[in-house]
Amino acid sequence: MSVFMRRAKVSDLDRIMVLERETFEADAWPEDAMRRELESPHAYYLIAVDDEADDDGAGLLGYAGLLAPAGGGQGDIQTIAVAPAIRGIGLGRGLMHALITEARRRHVAEIFLEVRADNPIARALYDSLGFEEIGIRRRYYRGGIDAVHMRLTVPPAVARPAEAGATGAASAERTPLEANDAEAKR
């Protein structure tokens, strides 16, 4: 499998909706709402595909979306989904890192999201990325499930010159997000 992330297009809508309905069932977005998201100049949606898959539909591994008008200062993670067969390999983390990077590019200082209170795996991911719980939205999801409202203060980009005499692609120093990644992998 060769995982490749790229900006989502309206032509990806059918594949996205298959995974959306499979993942979120009763809470799945309507197709027209997802189309508006993909078309919005204020939204940034990514898909992850298996570049080696023969079947286009089978090749969609995940997607994620950020709503963040340029210069607005705040953004919202609208959705993120990873195909059940490949959960746990870090694709969700990769998608989230890409959205955080885009938020930084758009000069967003804070990112918000809601996560089901009964989804400990997603909550652990968001915690490890630095999101903090800021409230509960009672009965937010169908079935009366609460949503945990979370916020990330977007960390600044860290750029350093390569260490003198360093060989290889990585130095021994880590940014705070990289340190969190190492902890999450243990």
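Above this text is the structure in question.
Here is what the cut-offs are and how they apply
- Starting from 1, residues in each chain are numbered consecutively following that chain's sequence as written.
- It should be noted that, the model being predicted, local features are given only for residues of pLDDT at least 70 and side-chain atom pairs only at 80 or more, the latter also being counted only at that level, while totals for whole chains, interfaces and linings use all residues.
- Side-chain numbers come from the whole structure's heavy atoms, not from hydrogens or water.
- Each axis is a line fitted through C-alpha atoms, and for a helix only the stretch in contact is used; angles between axes span 0 to 180 degrees, taken between their N-to-C directions.
- Each helix is a run of H or I in the DSSP string that is no shorter than four residues. Each strand is a run of E no shorter than two, and both are numbered from the N terminus.
- Angles are sorted into four bins: roughly parallel if under 35 degrees, roughly antiparallel if over 145, roughly perpendicular if 65 to 115, and oblique for all others.
- A clockwise turn of the near helix away from the far one marks a right-handed crossing, whereas an anticlockwise turn of less than a right angle marks a left-handed crossing.
- Note on contacts: a residue pair qualifies if any of its non-hydrogen atoms lie within 4.5 Å across the two residues.
- A helix is expected to span 1.5 Å for every residue after the first.
- Accessible area is worked out with a 1.4 Å probe on protein chains only. A residue is then buried under 20% of its type maximum, exposed over 50%, and partly exposed in between.
- Geometry of aromatic contacts follows a simple scheme: Phe, Tyr and Trp rings, the Trp one being its six-membered ring, pair when their centres are within 6.5 Å, and the pair is stacked under 30 degrees between planes, edge-to-face over 60, tilted otherwise.
- Over a ring means this: the NZ of a Lys or the CZ of an Arg is within 6 Å of the ring centre and within 35 degrees of the ring normal.
- Grid points spaced at 1 Å and placed over the protein atoms alone form the basis of the search, with a cavity being a set where a 1.4 Å probe fits but cannot get out and a pocket an open set showing protein on both sides within 12 Å along at least five of seven lines. Lining residues have an atom within 4 Å of a point.
- Grid points are joined across faces, edges and corners, and a volume is the space filled by probe spheres set on the points.
- Buried residues of nine kinds, namely Ala, Val, Leu, Ile, Met, Phe, Trp, Tyr and Cys, make up a nonpolar core once their side-chain atoms join them within 4.5 Å.
- Each salt bridge in this description consists of a side-chain nitrogen of Lys or Arg and a carboxyl oxygen of Asp or Glu lying within 4 Å of one another.
- Strands pair, by our definition, only if DSSP identifies at least two bridges between them.
- Each patch is built from residues that are more than 30% exposed by relative accessible area and take part in no salt bridge. Like charges join if they lie within 9 Å; nonpolar side chains (Val, Leu, Ile, Met, Phe, Trp, Tyr) join within 5 Å.
- Residue burial considers only the protein chains on display, and all accessible areas are found by Shrake-Rupley using a 1.4 Å probe.

Here we take up the packing of helix H1 (residues 13–24) against helix H2 (residues 31–39). Helix-helix packing is characterised by the crossing angle of the two axes and by the distance between the axes. Axis separation between H1 and H2 bottoms out at 11 Å; the angle between their running directions is 125°. Regarding the angle of H1 to H2, the classification is oblique. For the pair H1 and H2, the crossing hand works out as right-handed. Seen from H1, the contacting residues are Leu 13, Asp 14, Ile 16, Met 17, Glu 20 and Arg 21; seen from H2, they are Glu 31, Met 34, Arg 35 and Leu 38.

This part covers H1. Over its 12 residues, H1 runs 16 Å from end to end, which matches the ideal 16 Å to within 8%, given 1.5 Å per residue. For H1, the complete set of buried residues consists of Leu 13, Arg 15, Ile 16, Met 17, Leu 19 and Glu 20. Next to the buried residues of H1 lie strand E1 (3–7), H2, strand E2 (43–50), strand E3 (60–67) and strand E4 (74–82). Looking one or two places after H1, you find Glu 25, whose phi comes out positive at around 45°.

Looking now at the packing of aromatic side chains. Summed over all chains, the structure comprises two aromatic pairs. Positioned above the aromatic ring of Tyr 141, the side-chain terminus of Arg 116 is 5.5 Å from the ring centre.

Right, let's get into the layout of surface pockets. Taken as a whole, the largest pocket holds about 1400 Å³ of empty space. If you trace the largest pocket, you find 42 residues lining it, with Ile 80, Ala 81, Asn 119, Ala 122 and Tyr 126 closest to the centre. Among the elements of the structure, H1, E4, helix H3 (91–105), strand E5 (110–116), helix H4 (120–128), strand E6 (132–141) and helix H5 (176–184) are those that each provide at least two residues to the lining of the largest pocket. The element that contributes the greatest number of residues to the lining of the largest pocket is E4, accounting for seven residues.

What follows is about the nonpolar core. Counting residues in each nonpolar core, the largest one holds 45 residues, and the members touching the most others are Ile 16, Met 96, Ile 111, Leu 113, Tyr 126 and Phe 131. Sort the elements by how many residues they give to this core and E2 lands first, with seven residues. Setting aside anything within four residues of it in sequence, one finds Tyr 126 in contact with Ile 80, Met 96, Leu 113, Val 115, Phe 131 and Met 150.

Further remarks concern the pattern of salt bridges. Taken as a whole, this structure holds 13 salt bridges when the rule is applied. Here Glu 102 ties to Arg 105 by a salt bridge, and the two come within 2.6 Å at their closest N and O atoms. Here Arg 105 and Glu 102 lie together in helix H3, a separation of three residues that amounts to about one turn. The partner of Arg 116 in a salt bridge is Asp 118, and the shortest N-O contact between them spans 2.9 Å. The exposure class of Arg 116 is partly exposed, given its relative accessible area of 26%.

Its location among the elements puts Arg 93 in helix H3. Residue Arg 93 is classed as buried on the basis of its relative accessible area of 14%.

Right, let's talk about the sheet that holds strand E7 (residues 145–153) for a bit. Judged by pairing direction, the sheet is mixed, and its seven strands sit side by side in the order E1-E2-E3-E4-E5-E7-E6 without closing on themselves. Since the sheet does not close on itself, it has two edges, and those belong to E1 and E6, each with one partner. Direction aside, the axes of adjacent strands within the sheet are offset by 25° on average. Bridge analysis of E1 against E2 gives five bridges, and the strand direction is antiparallel.

Let's shift gears to a nonpolar patch on the surface. Where nonpolar side chains cluster on the molecular surface, the patch consists of Met 1, Val 3 and Ile 89 and spans about 300 Å² of accessible area. Within the secondary structure, Met 1 is located in the segment before E1. Judged by relative accessible area, Met 1 falls into the exposed class, the value being 55%.

Before going further, it helps to examine the environment of Ala 70. Inspection of the secondary structure assignment puts Ala 70 in the loop between E3 and E4. Each C-alpha atom, one on Ala 70 and one on Arg 105, is 8.7 Å from the other, the two residues being 35 residues apart in sequence.

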